[in-house]
Each structure stands twice: as C-alpha cells, then as structure tokens.
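Spelled out from the first residue to the last, the chains are:
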Amino acid sequence: MTPFTVFYCDDAHAGTWLNDDRLLALIRFDSPEPFPADPRVCTIPLPERGDGATAEVWLGVEPAQTGIREGVHYADNGDALFLHLHLDEPAPDALNLLTATAYEQLFAAARARGYPCLLRIWNYFPAINQNAGGLERYRAFCVGRHAALRAERAELETHLPAASAIGTRQPGLRLYALAARDAGWQIENPRQISAFHYPTQYGPQSPSFSRAILKRWGERDHHLYLSGTASIVGHASQHYGLMAQLDETLLNLEALLAEAHRRAAALRPVLLRVYVRPDLDPAPVRERIAQAFGPDTPLLFLCADICRQDLLIEIEGLATSAAP
Ligand code: 3EB
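Residues numbered from 1 in each chain as written. Predicted model: local features only at pLDDT ≥ 70, side-chain atom pairs only at ≥ 80, totals over all residues. Heavy atoms only, no water.

Chemist: Sorry if this is basic, but what is going on with the sheet that holds strand β11 (residues 162-168) here?
Modeler: Hydrogen bonding along the main chain pairs the strands of a sheet, whether they run parallel or antiparallel. Across the sheet, which stays open at both edges, the 6 strands sit in the order β5-β6-β7-β12-β8-β11 with mixed pairing between neighbours. Edge positions in the open sheet fall to β5 (65-69) and β11, since each of these has one partner strand only. Taking the axes of each pair of neighbouring strands and ignoring which way they run, one obtains an average angle of 15 degrees across the sheet. Two elements, strand β8 (residues 117-126) and strand β12 (residues 173-180), share 7 bridges in a ladder whose sense is antiparallel. Of the residues in β12, the one forming a bridge with Arg-120 is Leu-178. Packing of helix α2 (residues 95-112) onto the sheet brings it into contact with β5, β6 (72-76), β7 (80-87), β8 and β12, and relative to β7 it is tilted by some 150 degrees. (Pairing = 2+ DSSP bridges. Helix = DSSP H or I, 4+ residues; strand = E, 2+ residues; numbered from the N terminus. Axes fitted to C-alpha atoms, helices over the stretch in contact; angles between N-to-C directions. Contact = heavy atoms within 4.5 Å.)

Now the structure itself:
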C-alpha cells in the first residue's frame with residue numbers, strides 16, 4: 001500500500017481537505033486566497049495557464065502529525081514525510097549560501113523525524129536565468145545544493161533525489177520535498193548524460209539530481225517520481241520550436257518509464273505538471289500529451305522560467321504501477 005496518493009483538485013474546494021487528518025500536503029499555485037496557517041499547505045507562486053485554479057493533494061492513509069521545526073514545515077504520516085520551507089533572499093548574489101542553508105535545514109528536519117532519505121525535492125526561486133555576482137543564479141543554486149548534499153551523504157551519485165528547479169517571478173527561495181525512512185532506487189535516462197556529469201560549460205558545479213526515483217512502498221506498489229524533464233539529449237538542449245521540444249521531452253519521459261519498468265511492473269503517469277514559458281500556447285501541447293499518455297492523464301500547466309535559457313518546456317510527474 002502506498003502511504004499516500006496524489007491528485008489534482010479545484011483550488012476553490014481545496015480548503016475542505018484541511019479537515020481531513022490524512023492530508024499530507026496541499027500544493028497551491030500563484031497567490032490564492034490564503035488559508036489559515038497549516039504546515040501541510042505550500043504555495044508556489046507560479047500562474048496557471050488557462051482559466052483554472054488547481055491545487056495538488058497528497059492524501060495519506062494514516063493521520064498526519066504536523067509541525068514546524070526551525071522554519072521547516074512538515075507533515076508526517078508514519079511512512080512518508082512532507083517538508084517545505086521558504087527563505088527570504090537578503091541579496092540576489094548570495095543564492096549559493098542561501099541554498100546550502102535551506103538544504104541543511106531540510107535535512108536536519110527530515111533526520112529529526114526519522115526520515116533520512118530525501119526522495120524528491122522541488123526548488124523555486126526568481127530570476128533563475130539572470131546573472132548575479134558573476135554567475136547565473138541557477139548555477140549558483142547548483143553550487144549551494146551540491147555543497148549541502150555532499151555534506152549529508154558521501155555516496156552522492158547513487159543517492160541523489162529526483163528534482164525540479166524552476167524560476168518564479170516572486171522573491172524568496174521555496175523548497176518542498178518528500179522524505180522516506182528507506183531509500184528509493186535512482187533511475188537515470190539512457191538518452192541523457194546524468195545531470196551530475198554535465199560538463200562545466202553548464203556551470204562550475206554539475207546539477208545534483210537524479211532523473212527519477214523509483215520507490216517501492218509495498219509488495220506491488222511503486223511510485224516513480226519523475227524529475228523535471230526537458231528537451232535534452234546527451235547534455236545538449238535540442239530544437240528551437242515548442243512542439244519539437246515537447247516531442248523530445250516525451251521521448252525522455254518514455255525512456256524513464258521504460259528504465260523503471262526493468263525494476264517494477266509497468267508504470268504509467270497518474271499526473272503530470274507542465275512548466276511552459278509565458279506566452280506559449282498550451283492547447284497543442286495538451287493534445288500531444290494526451291496522444292502520448294492517454295486523454296485522461298491529469299495535466300497542470302504552469303507559466304514558469306526554465307533553468308536553461310533555450311528550453312521552452314519542462315515536464316515532471318508521478319507514475320505508479322498500481323491500478324488507477
Ligand atoms: C535538465 O535536464 C533540465 O537542477 O534540479 C531539470 C530537473 C533540470 C531538475 C535541477 C534541472 C533540475 O538539466 C533542467
């Protein structure tokens with residue numbers, strides 16, 4: 001049995017989930033009507049494409065204990081731990097150190113609850129493609145993240161969490177994460193060089209994340225946490241057009257599902273989150289993803305900046321092996 005399931009709901013009704021003590025996380029987007037303070041609620045300031053206002057629900061099977069520990073908000077249901085924190089950025093050229101601090105706080109909170117294994121981390125901060133202090137901010141983020149991860153774990157390259165690193169237009173570094181008591185299985189993409197081996201042309205420190213994490217929560221129950229996936233083959237960005245980038249991205253996602261299938265029953269996406277640069281039309285993208293993964297696959301489109309200037313779209317998600 002998986003300790004929680006994930007689904008999208010209309011944000012207008014998201015508040016009712018707060019009355020359910022099995023709620024592990026509620027992810028909201030843009031700047032919605034605030035809810036009463038609750039450690040299970042994390043808001044990511046990215047506008048949704050289209051008219052909708054969507055929230056993401058992580059619903060557990062057991063009641064969650066919630067709290068705040070040194071700035072880290074958490075919900076713990078005995079098997080899975082949801083964590084999030086928001087740090088103000090005092091100066092734009094200190095993202096390296098701020099990121100290291102954020103990760104240290106995250107790890108300390110997870111360890112204190114008995115969850116040493118970070119499976120999946122979502123990272124959001126503004127001006128991701130801008131230079132500050134002589135380095136692109138995404139690259140400075142990678143330096144800080146690596147320092148904190150390396151301090152936490154010696155066997156870094158086999159125990160990297162799945163991740164996304166996405167640009168917002170709002171101040172502050174925001175992280176949220178899923179931790180477990182035991183590690184998942186790191187999945188790399190045979191079509192891509194592992195991000196942690198990218199050459200130095202992409203920055204002084206290669207990005208520290210895995211392409212996906214396969215977590216076996218029960219005999220037959222797997223979650224596959226798919227990192228942000230883009231139109232990259234080898235280490236190089238491919239294609240100038242949105243639809244060509246999308247097709248390459250879908251091939252990468254399919255390659256990850258196939259890799260995971262070597263270790264688990266067939267997996268299919270149960271929800272996908274699509275980050276697109278502002279001003280791009282999501283309608284043909286929606287249609288193409290429906291062709292690839294089925295018309296009923298829940299999709300959420302968010303306007304965002306992607307961590308490479310030349311990338312227009314990035315897709316992440318959750319796939320499961322359990323019957324839908
Ligand atoms: C890539 O494949 C695209 O730095 O955490 C995707 C997912 C990307 C996560 C990260 C970056 C990150 O390199 C960018």
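Chemist: What is the right way to look at α2 in this model?
Modeler: Residues separated by three or four positions in an α-helix point in the same direction, a consequence of the helix having 3.6 residues per turn. For α2, spanning 18 residues, the distance from its first C-alpha to its last is 25 Å, which sits close to the expected 26 Å at 1.5 Å a residue. Along α2, the residues that are buried comprise Leu-95, Leu-98, Thr-99, Ala-100, Ala-102, Tyr-103, Leu-106, Phe-107, Ala-109 and Ala-110. In this fold, the buried residues of α2 make contact with β5, β6, β7, β8, α3 (137-152) and β12. Gly-114, located one to two residues past α2, shows a positive phi value of around 90 degrees. (Expected span 1.5 Å × (residues − 1). Buried < 20%, exposed > 50% of the residue type's maximum accessible area, 1.4 Å probe, protein only.)

Chemist: So what exactly am I meant to see when it comes to the sheet that holds strand β18 (residues 268-276) here?
Modeler: A sheet is described by the order of its strands in space; here 6 strands give the open sequence β13-β14-β15-β20-β18-β19, paired in mixed fashion. Two strands bound the open sheet, and with one partner strand each, they are β13 (185-187) and β19 (299-303). For this sheet, the mean angle separating the axes of adjacent strands, direction not counted, is 15 degrees. Pairing between strand β15 (residues 221-229) and strand β20 (residues 313-320): 5 bridges, direction antiparallel. In the strand pairing of β20, Leu-224 is matched with Ala-319. Taken strand by strand, helix α5 (residues 283-293) contacts β18, β19 and β20, and its axis lies near 160 degrees from that of β18.

Chemist: It is not clear to me how the packing of aromatic side chains should be interpreted in this structure. Could you clarify?
Modeler: Think of a pair of aromatic rings as described by two things: how far the centres are apart, and how the planes are tilted against each other in angle. In this structure the tally under the stated criterion is 14 aromatic pairs. Measuring from centroid to centroid gives 6.3 Å for Phe-4 and Trp-217, while their planes differ by 75 degrees, and the two rings are edge-to-face. On the criterion of sequence distance, the pair formed by Phe-4 in strand β1 (residues 4-10) and Trp-217 in strand β14 (residues 212-218) is long-range, its members being 213 residues apart. Neither residue differs from the other here; Phe-4 and Trp-217 are each classed as buried. Ring centres of Trp-58 and Phe-82 lie 5.1 Å apart, and the angle between their planes is 70 degrees; this geometry places the pair in the edge-to-face category. Here Trp-58, found in strand β4 (residues 54-60), pairs with Phe-82, found in strand β7; they are 24 residues apart in sequence, far enough to count as distant. Of the two residues, Trp-58 and Phe-82, neither departs from the other in class, the shared state being buried. Among the aromatic side chains, those forming a connected cluster through ring pairs are Phe-4, Trp-58, Phe-82, Trp-122, Tyr-124, Tyr-176, Trp-217 and Tyr-275. Here Arg-181 stacks its cationic end above the ring of Tyr-115, 4.2 Å away from the centre of that ring. Looking at Lys-215, its charged tip hangs above the ring of Trp-217, at a distance of 4.9 Å from the centre. (Phe/Tyr/Trp six-rings, centres within 6.5 Å; stacked < 30°, edge-to-face > 60°. Lys NZ or Arg CZ within 6 Å of the ring centre and 35° of its normal.)

Chemist: Teacher, can you tell me more about the pairing of strand β2 (residues 23-29) here?
Modeler: For β2, the buried fraction is high: 7 of the 7 residues fall into the buried class. Taken together, the 4 bridges between β2 and strand β3 (residues 41-44) define a ladder with parallel strand orientation. Residue pairing for β3: Arg-28 is matched across the bridge by Thr-43.

Chemist: Please explain unusual backbone geometry as it appears in this structure.
Modeler: Across residues other than glycine, the phi torsion is negative in most instances, and most of the peptide bonds are trans. In this structure, Glu-70 is a non-glycine residue whose phi angle is positive, near 45 degrees. Relative to the assigned elements, Glu-70 resides in the loop between β5 and β6. Here Glu-70 falls in the exposed class, since its relative accessible area comes to 63%. Not every positive phi belongs to a glycine, and His-239 is a case in point at roughly 75 degrees.

That is the geometry; function is a separate question.
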